[in-house]
Structures are given as structure tokens and as C-alpha cells.
Amino acid sequence: MNGLKWRSCLLPTLMRLSVFITITECLSTRSQDDVRFLNPPEEVQPSYSLQVLYACSDMATVHVEALVTFDTGETVAVFGRRWHCEAGLPKVRTLGLKLPDWLVYQPDWKIPDSDWALSGMLRAWVGQNGYLSAAAHAVTLLNVRGPFSRPPKQHRLCLSWGMEIVWRTHRSTILQCPKEQEVAVFLPLLYASTGERFGITRVLHPFRNKNLERWRFRAVSYPWCAFSMWIFQAHPCRQRLCGILHHIDTENNYATPSIFLKDTGHLHVQFHGKAGTSSAFLSQSTVPLHQWCRIRLEVDGRVANLTVVCLDGQQPLVYTMEHRFNIAVTLDDTTGYFVIGGGEFVHGIEGYYGPVTYYRNRKLSETEKEVYIEPPVKMLQQWLQTCHEFKSDVKTKIAGCSERVKSKRPPDTCMDVYSKWAEHSLPTIPQSEPWEAPRGPQRRYAERLTEILTSKYGATDPSTISRALYSLSLRKMSQDGESCVARRVIPLLLQAGCLGNNDALHLSSVLYSSGFGVKRDPRKAWLLALLAAQQDWRLALLRLGYLHHVGEQNISPDPDLAYAYYSNIAKQTSQDRQNVTSKQTYVEEVYLNNDEVLKTQTNENDDLFHWLKLQARNGVAGAEQAMGRMLFWGQKGVSTDIQTAVKHYERGATRLEDPVSMYDFAIVLLMVRHLVLHSVLVSHASHTLKVQLNFYVILKGRGVKQDIPRAVFYLKKAVAQGFGPAMNALAWYYERYEKDYEQAVQLWEQADALGSSDAAMNLGVMYSQGLYPGQSADQVRAYRYFLKSAERRHVDGAIHLAQVWVRGLPGHVKRMPLNAVLWVKWASEQNGYLGKVLRKGLDAYFKEDWLTALVYYMIAAESGFAAAQFNVAYLCELNPGGFLTPTFVKQCMWRYYNLTIQSQYPDSHAFIKMGDLLCGYDGLNFKDVQRAAEMYKRAALHGNPQGWYSLGALIQAGETLPVPVLLQLDLLKPYLSSEHELLTALYRRCRDSNSTDAYLPCTLALLSAHLHPKGTADVVFKISSTVAVALVTILFFIRRHTVFPGQTT
């Protein structure tokens, strides 16, 4: 066998020890290094005797390892042995292959879970260094079973009883992989964009799965991903660039990718690389107007493929192009944030953003590349198309009637499509489809109004017709006075909305959302609100912000999307307070069940108003302040009268030297210009500083002249009395007129120490913009002042605080989008246009115009205003005159009381009513005592004694209170004692509350509980109750008419 080679020598006989002498002869002939596994295991085993054949040509080391590779891509050694080898004949070594239990057995109470092992192998080599540089090596694969396919281990340890119970409880639990955001849906629905700097912020986090995170990290320097987004352009971009989707890094620079729309209609796609390098390209085609377009961007390293598909009729138009960047592109999607639409540095488009999806670690499949029209996109497309046809018909009608008026032809020569429709007597459709402009007789009002307006004025336009249709709808609702009228006016509202009346769009959205007179349809309501919000309609923006804040049918809560709408209306609220019009009123939170607050509502002819007027003349400072405030703001039902309000300010300042009046009068003397409120813009060469004041004035032409020296005189006198707002105003004077920043900051610090929200806001701006003397810009310090200002209920402070929380300050302030939404929601609800709606609802309530009051309160309620939500439910509960159907009453109470208790500061009466509804007291077909008890508990904790009373009533009705409720109310001890002890404890707490209204009924209930324990006959209960009533009544009158020592009769 001297001529045989090594590999031939081992062919069929390597596994048999009987031919060992033959192998030895071959090896001795070659005298080379080698190693073999004689009996490799087919799969992992708990204990195995492994035989290794090895030979060395010189002194060396033999290594044996067992390796396992996991689904994370990580490979670890689970077994290892090594020994010295001397030159000579081959030898066989037997090893005990002992693998870890977590690889061999099922996980249990002792064996921990492990990552999923994909494969295993045994390897051996001869050499002093690693495996790859070895003179000889051998490899064999190991079959690794899945964790649940492995055998269980029979432990020799005795398991404790407690651990055994825990193990038996959880051993059947199927482990699930954590949900990963491999496909990030940035926008699941539609977003109505006004073309301003408002958009949706999205933040991505690293994957929790090690394998996915490893792939993502590798893809930072070689991106391999895709983006898909829908847009609809209503108007061309009015800026040089309008944002579609852009990425901002932690240094506030653009990152990969940033996609913009140019004013020319082309797409601008910008990528970024290392060391601040960037590169961009323009699309070859333009994005058309009034068409839904899907933009698809696929990234493969330096190559970007851009596809634009636009829906033009039945046949989509497709544009594609490829671009290769000349830089090494980087994309780290976990740094910074993404923005859909406008943002801090760029405006958005005027139109709509559709679903936006980011495929983080893959490209699109062929199925995903197909143009699938999302349902929201299809619905909006249908409305826009039908509305366009309707507007064309109206313009045709206007043109025909205008021509008839000019030529003085007979009315029957006004030929257009409306005349043709009028010739057909089509049946009246009880309820129109909102995605079709109503046809036939439903258009007769639009036709008739067009003829009347044209004949009266010689010409008209669609907007005038829309206002007339909306006014007609309101008049019909007010005159009819029943809920069924809503079904008849819906077509008029939709026609008016199509012609550009946003009031009509919003009202129709409210009707569909509430189900008032029409079948409730949340999706239609949402779409109509979108149409109005795109036109920057404040109440529609407020409604959409609330809708995405709390969620609705088929719409999940989305704080980032809610913030996009709320930030818009909040910014407008700040601006509206500088430009007040007759359409605005101070927002007052009035609950219709609060008689004390209702009594404070007055008007110029009311006794309360005249009494305050008399008190002011008699020198009562508080009356002067109240009169000035009511007349200046138009509060408490009083009409705005700026000139008279200024007289009250002046009289309080000069005659009474009241610091509040001196401050108010000084502000008037300082700011005799245009509208000024809370936020006065003072422009400088390098910055714009917001200085917070307390009132706005409309003084041009009202006989009030600017007098700065006199204003400063009164401010200094008010400051001398320690009045914080005057310090703030005087600081503004020093900053604005004297350019004395140090004096201004000193006064602001003093005012801040006194709790001034304006001063805290101004100091925050000073630190944020680096204007504080001797200090550089400090965003963290500015954030603290913004937080302080917001907590003191300052609108602009709330807006600035929310801006910090929605993105965070890296390393200092974490991102808190939910908290940001709550602050901009509060700021938005201070809007004067919302206040006007609330005032109209309250005025209609005082006039007993129930339907009008309900409609206006519904408009505010659907915008998320808690007091309005309560008032809608309260009106439905009262149902004066029976103008509502019983079915709608139940639906209305359930919906709006439920919305009320979800507010940040709910009214306790709403908890009581929700508890009654859950108990079935109001005729509902279901009963849930557990939830009812929870409602009563929350009412009790909010200080409403009726909560204690209602819990007692549940016990008397034979119900058992949940233990968690008893624990939270600290009633577990009486509960364990006896039912009687629990009942008396509840009624005692009801009696001992500070409510005078609750004292008598709670005392009667307590006496009744003492006089008839559980099990007493009904007759005894009736007699004891009668005795209790009589006794308490006698005691009440004795107490009232008894003269105690020191009292006078």
C-alpha cells in the first residue's frame, strides 16, 4: 500500500477500528497532520462519547469545538476541548460530549429560554493557531431541534410547592416574538394640509430583535428600503419648496430621505451622506393638480428609483426614473424624526396626504407595487369629482340667469341643466348620499336662490349662493324645532359645503357624527370634516384633532396626527387674540346644570348688570373691574363696548387707585393701535420677541389717544403695590422703548416670582433665542420657563411647551406626544370662534329655543369641549317639549356623558349619569353593575355626595360592590364587618359632605338604614321611612327657628 494516497486510504474503512493497522501504515507512509470524527452524532444529545482520530507530524495541539448559530446571526461555542499531540502514529481519543441543557431539553422551571438555534456543528483542527490556518481540520453538522421539539429533562431535584404552581400555570404559555415595526405606517388615513408649517412627526426606534437590528445597522451605510406615499394637490406650491416627507437629524439638519415639491411642480429628492455631504435630483415630470398621485421611492445603496402614478380617470399615468448618487448615502432612521407635510423649516402642500408607508429593510414586492386605491382616497376622490360637476352646473345656471337679466328676456329663456331637472317631477329622496351632489327636487333651492340673487343684484357667485343655502338650512331647523328636520336640510348643507361654505360642511359633519336626525355615519362625518379642515376652518381642525386624540369607529387614537391638527388651531388661537372680530367671543365654561353660574350670566338690561353699574359708581373697586372686564371682553352675555370699558378702567385708576384698573388703563394707553391681546409682536433686527399682555384693544376712532408717559406712570404705581401683571407690562416697555434688557429681565424675574404666566413665557423666549443678558441660548432653561408658564394657564406657554414635548430635547427632555396633545388641545379650546358657538348655544337656551341650543352645543361638543359635551347630554336628558325621539335621547345621553367622563377634568354629575345608564335606570337594555359602581366611585372621589348615595342604593337593591371599589374608598373594614355597617358608612359619608343639598336626603337614607336592617318586611320599611321623614323635617324646622345664645331673631 506504499503507493496509496491519504484520502484514498480512508475511503470505506475510516469508520471501522478493525482496519486501524492499515490506516496506521498509510499514515506512517505520509507522516502528515490530520484529524477525523469516527462516530459523529446526528443530532444534539445530552451526553455522547465522541471518538476523534488524530495524527501529528510535529508537536501540536488538537482542538475540538461545538458551535451553535442563532437566528440573530450570532455564533457561540457551547463545547470545547484541546490536548497536546506528539509526532508519531495516529491515535484515537474518546471525549465526553456534554452540551448545555438549554440546547438539548425543553425550557422549564430550571432550564431558561434561549434564542432560536438555527444550526450546529462539530469541528476539529490540528495546529497552534485558529481553525482557518490549521494544517488539518474536520467538520460535521449537528441537527438542532426547535425548543418545543426537544425532550423534557427529568430533574433529580425536588421542586417546591410554590414554584411548581407557578410553573404549571405558565408552562403552556406560547412564547411570541415581540411585534417589530419592520413596516412603519407613518400615516394610515388622510391628513388635510393647509399649506402651512404643520405636519405629522414620527419617530422610529431600534429593533428589539437582534437580527433585525443587526441588518438595520448594516444598512445605515448601504440603505435598502422603500417609501410609498399618496398626495393630492389642491393648489400649486406657493413656496420654493413644500414638504412631502422629510427626515431631520438630531442637529436639526436634513437627513436621508427628504422629498419636497417645488413651485414648478417637480419633485425634489435629497439624500445625505457622511461628513455632511448631500446630493439631490429633480423628477423629470411634474405632479398634476387635482389628482391623487402615489409616489414610490426605492433605495438600493446609491441608486434611487422614483415612480409616480397619478389617477387620471380610469387609466393611471405612470412616470419612472432612476438616479445614481455620487456620494456614499447613509440612512439611520432611528436618529432624529420624520415629518409628513410641513414642519419647523418648510411649508406643506395645500391639499391632502394619503397613506404613507416606510419599508425599513426591504423593497416592495410586485403585489405592493400595484396601484391599490385606498378606501379613504377613493371616498374623497368621489366627493371631489361630484362636487366639481355640481359647481360647474351652478356656474352654468349663474351665467344663464345673468344673461337673461342683461337681455331682459322672459324667465323661461334661462336655459341650463337646472331647468331640465325642474321639468321632471322626481320623487323626493329622504336622505342624500353625501358623496353625490343631490339631484332633482333637492336642487330646487339652489336654483331658486340663484334666480333671486341674480335678478336682485344683476349678478352673483357660488360663494353667495352657498351662504344663502346655509342660512336657509339654519332657518328651517329653527322654525321646525324637531330633530327630523336635519334629514331634510342635509342636502342643502352639502350643496352649500360644495360651493365653499365651511360652516355647512362642519355642521353636516356634526350631524353625521352625532346621528341627530340622520343615520349616524362616523366615516362620512370624518370626510366632511377633512374637507373643511383643508380650508383652514378652525372648528373642523379642532374636531379632527379631538377625533384622532380619542379615536372613533375604525379610527385609532394617534397623538402625532392629533397634534398636527391641534398645533394649527392653537397657533391660530394665539393670532386670533391679536385680531379679534365680531365673530369671536371669550370662551366660558358654563354647565347648564349649575344654577349658580347661570345666574351670573347677564346682559345690558338685566338687574345684575345695573347693580354692578351702581356699585361701580359708588366706588367699589371689584365692581369697576367686573364692568370693565365684561364690556371689554363681551363676557357674561354682555355686548362688547370698548369705549365704556376704558372709562371704567380710567375711573378705577384715577379715583380708586386700584392696581388692576391702573394696569388695565395703562395697557390701553400704551397700545392704541390695532388689535393687541396677550401676545404683542415686537420686531427687532435679529429676532421677534413675544411680550405677553393681558388685554386687546380696538381703539382707532374711539376717542382714545396713546399716552406712553401716563401709561408708565400708572404701571409704576401698580408695581409699587406689588401687582405682577404690571411688572410684566413695565418690563415690556423697557424692552420695547428703552432697549433696557437688564431692567426688563429684572422686572420679569420679579413678576415670575409672584406667579405671572406672562413673565415666565417672556423669560422662556429670552433664553430660547439667546437674548437674556450675559447668557447664551439655553433651550433646557427655556423649556423650564415654558413649562411654568403653561402650568399657569398661558396659551403661548402651552404651545411652546408642546413643541418641546412632541420632539423632545435629546439628552434632557424625552419625547411625550400624549402630553403635548393635551396642552395644545387646551390652548386650542381658548379660541374665540369656539367661544362664539358656545355663546350662541347659551343664548338659545335662555330663549328656550331648544333645538338651536342643542345644535350649537353639538358643534362645540364634537370639537371635544367637555362643557359642551355635558350640555348636549343634559339637554337630551331634559328633552323639553319632547322635541327628541326616545331612541335618540338614549343614544345622545350615552355618547355625550361618556365623552364627558373621558375629558381631562370631567364633571362629577356625568359619572352619576353614566352609572345610572349602566344600571339600566334610563331604559337601556343592558345592565353592568360593576362598571356602574366604578362610575359612582369616581363621582364620590370627585366630591359629589350623590356617588356615596348611589353606592348605598346599589347595596339596598341587593347588589355586591366590587372589592377594588371598596379598597379605593377605604371601605373594606365595614364591608368585612357586615352589610349594614357598609351601608351606614356610605350614607354617613354622604351626609358629612359639605353639600347642603345632600344633607337632608343622605340623613333620611341613614335613618332608614338604622331603622330597618336587611330582611325587615316592606311594611316596616314604609312606616320607618315615614317616621324618619317626619322626624328629620321637625328637627330641621326646630333648628331653623330656634334662637341660640348670641343670635338675633
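Residues numbered from 1 in each chain as written. Predicted model: local features only at pLDDT ≥ 70, side-chain atom pairs only at ≥ 80, totals over all residues. Heavy atoms only, no water.

### Here's the deal with the overall build of the protein chain
For step 1, the next point in the chain: The helix and strand tally for the protein chain stands at 39 helices and 23 strands.
For step 2, the next point in the chain: Expressed as a percentage of its 1049 residues, the buried residues of the protein chain come to 52%.
For step 3, the next point in the chain: For the protein chain, contacts bridging at least 24 residues in sequence account for 64% of all contacts bridging at least 6.
For step 4, the next point in the chain: When the accessible surface of the protein chain is totalled, it reaches about 49,700 Å², and 51% of it is carbon and sulfur. (Helix = DSSP H or I, 4+ residues; strand = E, 2+ residues; numbered from the N terminus. Buried < 20%, exposed > 50% of the residue type's maximum accessible area, 1.4 Å probe, protein only. Contact = heavy atoms within 4.5 Å. Areas by Shrake-Rupley, 256 points an atom, 1.4 Å probe, with all protein chains shown as cover.)

### With respect to helix α37 (residues 979–991)
For step 1, the next point in the chain: Across its 13 residues, α37 extends 18 Å between first and last C-alpha, which sits within 8% of the 18 Å expected from 1.5 Å per residue.
For step 2, the next point in the chain: Taken residue by residue, α37 has L982, L983, T984, A985, L986, Y987 and C990 as its buried positions.
For step 3, the next point in the chain: Summarising the contacts, the buried residues of α37 are in contact with α34 (945–956), α35 (963–968), α36 (972–977) and α38 (996–1011). (Expected span 1.5 Å × (residues − 1).)

### Overview of the sheet that holds strand β6 (residues 117–126)
For step 1, the next point in the chain: Ordered in space as β4-β3-β6-β7, the 4 strands form an open sheet in which the pairing is antiparallel. Bordering the open sheet on either side are β4 (75–85) and β7 (136–142), each of which pairs with just one other strand. Strand after strand, the sheet turns through a mean of 15 degrees between neighbouring axes, direction not considered. (Pairing = 2+ DSSP bridges. Axes fitted to C-alpha atoms, helices over the stretch in contact; angles between N-to-C directions.)

### As for the sheet that holds strand β5 (residues 91–98)
For step 1, the next point in the chain: Taken in spatial order, the 3 strands line up as β1-β2-β5 in an open sheet, and their pairing is antiparallel. Of all strands in the sheet, those bounded by a partner on one side alone are β1 (34–37) and β5. For this sheet, the mean inter-axis angle between neighbouring strands, taken without regard to orientation, is 25 degrees.
For step 2, the next point in the chain: In the sheet, β1 pairs with strand β2 (residues 47–55) via 4 bridges, with the strands oriented antiparallel. Its bridge partner lying in β2, V35 is registered against Y54.

### Topic: empty space enclosed by the protein
For step 1, the next point in the chain: Per the stated rule, a full pass over the model turns up 4 cavities of 30 Å³ or more.
For step 2, the next point in the chain: Forming the walls of the largest cavity are Y586, E588, E589, V590, G835, L838, R839, L842, Y857, F865, A867 and N871.
For step 3, the next point in the chain: The leading source of residues in the lining of the largest cavity is helix α28 (residues 832–846), at 4 residues.
For step 4, the next point in the chain: Across the lining of the largest cavity, the residue classes break down as 7 nonpolar, 2 polar and 3 charged. (1 Å grid on protein atoms, 1.4 Å probe; cavity = no way out; pocket = protein on both sides within 12 Å on 5 of 7 lines; lining within 4 Å. Points joined across faces, edges and corners; volume = space filled by probe spheres on them. Nonpolar A, V, L, I, M, F, W, Y, C, P; charged D, E, K, R; others polar.)

### Some points on helix α27 (residues 817–828)
For step 1, the next point in the chain: Helix length check: α27 (12 residues) gives 16 Å between terminal C-alpha atoms against 16 Å at 1.5 Å per residue, within 8%.
For step 2, the next point in the chain: Most of α27 sits out of view: 9 of its 12 residues are buried.
For step 3, the next point in the chain: All buried positions along α27 are accounted for by P817, A820, V821, W823, V824, K825, W826, A827 and S828.
For step 4, the next point in the chain: Next to the buried residues of α27 lie α14 (538–550), α15 (559–576), α25 (779–791) and α26 (795–807).

### Some points on a nonpolar patch on the surface
For step 1, the next point in the chain: A grouping of V963, L967, Y975 and L976 is seen on the molecular surface, where their side chains present a nonpolar patch of about 380 Å² in accessible area.
For step 2, the next point in the chain: Mapped onto the fold, Y975 is located in helix α36. (Patch = residues over 30% accessible without salt bridge, like charges linked within 9 Å, V, L, I, M, F, W, Y side chains within 5 Å. Salt bridge = Lys/Arg side-chain N within 4 Å of Asp/Glu carboxyl O.)

### What about the packing of aromatic side chains?
For step 1, the next point in the chain: Taken as a whole, this structure holds 28 aromatic pairs when the rule is applied.
For step 2, the next point in the chain: Ring pairing ties together the aromatic residues F186, F227, F338 and Y358, which thus form one cluster.
For step 3, the next point in the chain: Across the ring face of Y131, the terminal group of R123 is positioned such that the distance to the ring centre comes to 4.8 Å.
For step 4, the next point in the chain: One cation-aromatic arrangement involves R736 over Y737; the distance from NZ or CZ to the ring centre is 5.5 Å. (Phe/Tyr/Trp six-rings, centres within 6.5 Å; stacked < 30°, edge-to-face > 60°. Lys NZ or Arg CZ within 6 Å of the ring centre and 35° of its normal.)

### What to know about the state of the cysteines
For step 1, the next point in the chain: Taken as a whole and assessed by the stated rule, the structure comprises 6 disulfides.
For step 2, the next point in the chain: Bridging C237 to C242, the disulfide has an S-S length of 2.1 Å. Measuring the twist about the S-S bond at about 90 degrees, one finds the C237-C242 disulfide to be right-handed.
For step 3, the next point in the chain: Covalent S-S linkage joins C387 and C498, the inter-sulfur distance amounting to 2.0 Å. Judged by the torsion about the S-S bond (110 degrees), the C387/C498 disulfide is right-handed. Separated by 111 residues along the polypeptide, C387 in helix α7 (residues 375–407) and C498 in helix α11 (residues 485–498) bring together distant segments of the chain. (Disulfide = S-S within 2.5 Å.)

### With respect to the pairing of strand β16 (residues 292–300)
For step 1, the next point in the chain: Extensive coverage of β16 is indicated by the burial of 8 of its 9 residues.
For step 2, the next point in the chain: In this structure, strand β11 (residues 224–235) lies alongside β16, joined through 9 bridges in antiparallel fashion. When the bridges of β16 are listed, M229 appears paired with I295.
For step 3, the next point in the chain: Inspection of the sheet shows β16 paired to strand β17 (residues 303–312) by 8 bridges, in the antiparallel sense. Across the sheet, E298 pairs through a bridge with N305, a residue of β17.
For step 4, the next point in the chain: Linking β16 back to β17 in an antiparallel pair, the connection comprises 2 residues, with G301 at a positive phi of about 70 degrees.

### A look at the environment of H794
For step 1, the next point in the chain: For H794, the location among the structural elements is in the loop between α25 and α26.
For step 2, the next point in the chain: Of the residues examined, H794 reaches a relative accessible area of 4% and is grouped as buried.
For step 3, the next point in the chain: The spacing of H794 and A827 is 33 residues in sequence and 8.0 Å in space, taken between C-alpha atoms.

### Quick word on the side chain of N762
For step 1, the next point in the chain: Mapped onto the elements of the fold, N762 is located in helix α24 (residues 757–768).
For step 2, the next point in the chain: Among the residues examined, N762 registers a relative accessible area of 0% and is labelled buried.
For step 3, the next point in the chain: A polar contact is formed between the side chain of N762 and the side chain of N728, at a distance of 3.0 Å. (Polar contact = N/O pair within 3.5 Å; in protein donor to acceptor, adjacent residues only side chain to side chain.)

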